[in-house]
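Notes for the structure review
Now for the letters of each chain:
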2 protein chains.
Amino acid sequence: MSAPIDFYFDFSSPYGYFASTRIDSIAAKHGRDVNWHPILLGAVFKVTGGAPLPSLPLKGDYAKFDIPRCARLLGLPFRFPTKFPIATQAAARMTVWAQSLNRARAKTLASALYRAYFADDRDITSPEVCADLAAACDFDRARALASINDPAVKDKLKTEMDVALARDVFGSPYIVVDGEPFWGADRLDHVDHWLATGGW
Amino acid sequence: MSAPIDFYFDFSSPYGYFASTRIDSIAAKHGRDVNWHPILLGAVFKVTGGAPLPSLPLKGDYAKFDIPRCARLLGLPFRFPTKFPIATQAAARMTVWAQSLNRARAKTLASALYRAYFADDRDITSPEVCADLAAACDFDRARALASINDPAVKDKLKTEMDVALARDVFGSPYIVVDGEPFWGADRLDHVDHWLATGGW
């Protein structure tokens with residue numbers, strides 16, 4: 001099996017949510033695994049001068065059309081969260097902690113966090129909500145809850161963020177295939193084609 | 001035939017160039033005509049606080065990957081222009097003038113301007129270059145050249161821009177189908193699907 005591809009996403013990114021539902025099956029078609037990397041877009045924006053979509057004049061209003069429309073086209077459950085965007089430290093840290101125990105189930109947890117936020121409008125800034133989801137994914141609830149304040153987990157996420165920034169990850173979703181970067185859920189078809197052809 | 005769809009583009013926008021090569025055939029499949037609207041992104045950015053891609057940290061570097069990669073995937077001739085981005089008043093005004101004479105040939109001219117800039121690296125800020133292209137599209141060269149400084153043409157473009165801004169056009173390409181907005185060359189498949197289904 002060739003090297004895994006890298007999938008960077010922020011839990012507050014609807015396009016990251018959309019990509020998360022397709023990236024593994026696209027990679028698997030081409031015999032590839034995917035490493036999931038939760039990132040904090042707030043930290044990225046400090047470096048890039050970027051800003052959350054809803055705060056951008058006109059573009060933010062357009063996103064209110066485009067995001068639910070993409071969800072409907074993809075057949076994905078979607079409700080615009082009451083609080084949007086949100087800080088995603090709790091979800092990201094818990095995912096990083098879960099990855100150290102079981103990578104496959106950590107993906108299940110990350111997917112559950114995304115669905116909780118974007119389909120069920122649950123507040124995943126809440127450590128308790130995140131811990132409930134972790135427990136439903138067969139992680140120990142108390143340990144999952146504790147992971148959010150575990151200095152080792154915080155450091156690990158910080159290191160992941162440094163690596164992501166060094167790699168010029170500036171948005172969500174951001175996918176790297178053999179060194180080639182792809183930004184946005186609308187580039188998944190390019191990722192698919194790149195994996196099939198080795199590039200063009 | 002149903003109402004035409006509206007296609008907004010800036011001549012300095014590579015994604016506008018990509019969309020321009022596909023939009024009419026997509027619309028024609030569904031019995032629709034397309035009204036082409038050259039816009040000036042510089043004026044849009046004054047309202048939105050946006051900025052040209054190359055000036056954006058990281059995103060600008062990524063665009064250097066993504067733009068030629070999209071061109072190759074679409075099988076379009078493309079060379080990164082020596083001067084990028086550029087002011088597109090000359091090309092936009094000449095196109096608006098051409099539209100008042102012959103809408104079909106004005107599209108041919110707009111396409112020729114895009115190809116000149118993005119495939120042949122010609123400087124379409126030059127009135128003389130634009131006039132040469134107009135002449136090749138069977139417009140009167142001297143009148144085409146004069147159109148760039150014609151107050152009536154300037155006013156017409158200004159009015160077009162006011163209408164575009166009132167419609168919240170904030171980028172290029174920007175397409176409106178029966179009131180539904182679509183932004184970006186990567187939304188052409190959505191446009192196609194919207195025209196086929198009447199929305200989803």
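Look up: the structure comes first, before these words.
My aim in this report is to walk through the structure given alongside it, one point at a time. (Residues numbered from 1 in each chain as written. Chains lettered and ligands numbered in written order. Predicted model: local features only at pLDDT ≥ 70, side-chain atom pairs only at ≥ 80, totals over all residues. Heavy atoms only, no water.)

With that out of the way, let us pick up the overall build of chain A. Along the backbone of chain A there are ten helices and four strands. N-terminal to C-terminal, the α/β element order of chain A is β-α-α-β-α-α-α-α-α-α-α-β-β-α. For a compact globule of 200 residues, the expected C-alpha radius of gyration is about 16 Å, and chain A comes in at 16 Å, within 12% of that figure. Counting only residues that meet the buried cut, chain A has 52% of its 200 residues in that class. Here the analysis covers contacts within chain A between residues at least 6 apart in sequence; of these, 73% occur between residues at least 24 apart. Surface exposure of chain A reaches about 8,400 Å², of which carbon and sulfur atoms provide 54%. (Helix = DSSP H or I, 4+ residues; strand = E, 2+ residues; numbered from the N terminus. Rg over C-alpha atoms; globule rule 2.2 N^0.38 Å. Buried < 20%, exposed > 50% of the residue type's maximum accessible area, 1.4 Å probe, protein only. Contact = heavy atoms within 4.5 Å. Areas by Shrake-Rupley, 256 points an atom, 1.4 Å probe, with all protein chains shown as cover.)

What follows is about the packing of helix 6 (residues 103-118) of chain A against helix 7 (residues 127-136) of chain A. Residue and element names in this part refer to chain A. Interhelical geometry of helix 6 versus helix 7 gives an angle of 135° and a closest axis separation of 9 Å. Between helix 6 and helix 7, the angle is such that the two are oblique. You can see that helix 6 and helix 7 cross each other, and the crossing is right-handed. Touching Leu 109, Ala 112, Leu 113 and Ala 116 of helix 6 are Cys 130, Leu 133 and Ala 134, all from helix 7. The residue inventory of the contact of helix 6 with helix 7, partitioned by class, reads seven nonpolar, no polar and no charged. (Axes fitted to C-alpha atoms, helices over the stretch in contact; angles between N-to-C directions. Parallel < 35°, antiparallel > 145°, perpendicular 65-115°, else oblique. Left-handed = near helix turned anticlockwise from the far one by under 90°. Nonpolar A, V, L, I, M, F, W, Y, C, P; charged D, E, K, R; others polar.)

Moving on: the pattern of salt bridges. Across all of its chains, the model carries 36 salt bridges over all chains by this definition. Taking the shortest distance from any N to any O, the salt bridge between A:Asp121 and A:Arg79 comes out at 3.8 Å. Taken together, the positions of A:Asp121 in the loop between helix 6 and helix 7 and A:Arg79 in the loop between helix 4 (59-74) and helix 5 (89-101) put the pair 42 residues apart, joining distant regions of the chain. As a salt-bridge pair, B:Asp123 and B:Lys83 come within 3.4 Å of each other at their nearest N and O atoms. Residue B:Asp123 is located in the loop between helix 6 (103-118) and helix 7 (127-136), and its partner B:Lys83 is located in the loop between helix 4 (59-74) and helix 5 (89-101); the two are separated by 40 residues in the primary sequence. Classification of B:Lys83 as partly exposed rests on a relative accessible area of 45%. (Salt bridge = Lys/Arg side-chain N within 4 Å of Asp/Glu carboxyl O.)

Residues and elements named next belong to chain B. Ordered by their spatial adjacency, four strands build an open sheet running 2-1-3-4, and the pairing between neighbours is mixed. What marks the edges here is a single partner per strand, and that holds for strand 2 (34-38) and strand 4 (180-183). In this sheet, adjacent strand axes meet at a mean angle of 20° when their direction is disregarded. In the sheet, strand 1 (residues 5-9) pairs with strand 2 via five bridges, with the strands oriented parallel. Bridging across to strand 2, Phe 9 finds its partner in Pro 38. (Pairing = 2+ DSSP bridges.)

For helix 9 (residues 151-166) of chain B, with 16 residues, the first-to-last C-alpha span of 22 Å sits near the 22 Å given by 1.5 Å per residue. If you follow the buried residues of helix 9 of chain B, they end up packed against strand 1, strand 2, helix 3 (41-48), helix 5 and helix 8 (141-147) of chain B. (Expected span 1.5 Å × (residues − 1).)

We now examine the layout of surface pockets. With a probe scaled to a water molecule rolled over the atoms, the places where space remains empty come into view. There is about 560 Å³ of room inside the second largest pocket. Taken together, 25 residues form the lining of the second largest pocket, with A:Asp186, A:Asp189, B:Asp186, B:Arg187 and B:Asp189 sitting closest to its centre. Those elements that provide at least two residues to the lining of the second largest pocket are helix 1 (14-20), helix 4 and helix 10 (188-197) of chain A together with helix 1 (14-20), helix 4 and helix 10 (188-197) of chain B. Taken together, the residues of the lining of the second largest pocket break down into 15 nonpolar, two polar and eight charged. (1 Å grid on protein atoms, 1.4 Å probe; cavity = no way out; pocket = protein on both sides within 12 Å on 5 of 7 lines; lining within 4 Å. Points joined across faces, edges and corners; volume = space filled by probe spheres on them.)

Next up on the list: the packing of aromatic side chains. Using the criterion set out here, one finds 50 aromatic pairs over all chains in the structure. When the ring centre of A:Phe139 is taken as origin, the NZ or CZ atom of A:Arg105, which lies over that ring, is 4.6 Å away. (Phe/Tyr/Trp six-rings, centres within 6.5 Å; stacked < 30°, edge-to-face > 60°. Lys NZ or Arg CZ within 6 Å of the ring centre and 35° of its normal.)

Turning our attention to unusual backbone geometry. Note the cis peptide between A:Ser172 and A:Pro173, where omega equals -5°. For A:Pro173, the location among the structural elements is in the loop between helix 9 (151-166) and strand 3 (174-177). Between B:Phe84 and B:Pro85 the backbone carries a cis peptide bond, its omega angle lying at -5°. Here B:Pro85 shows up in the loop between helix 4 and helix 5.

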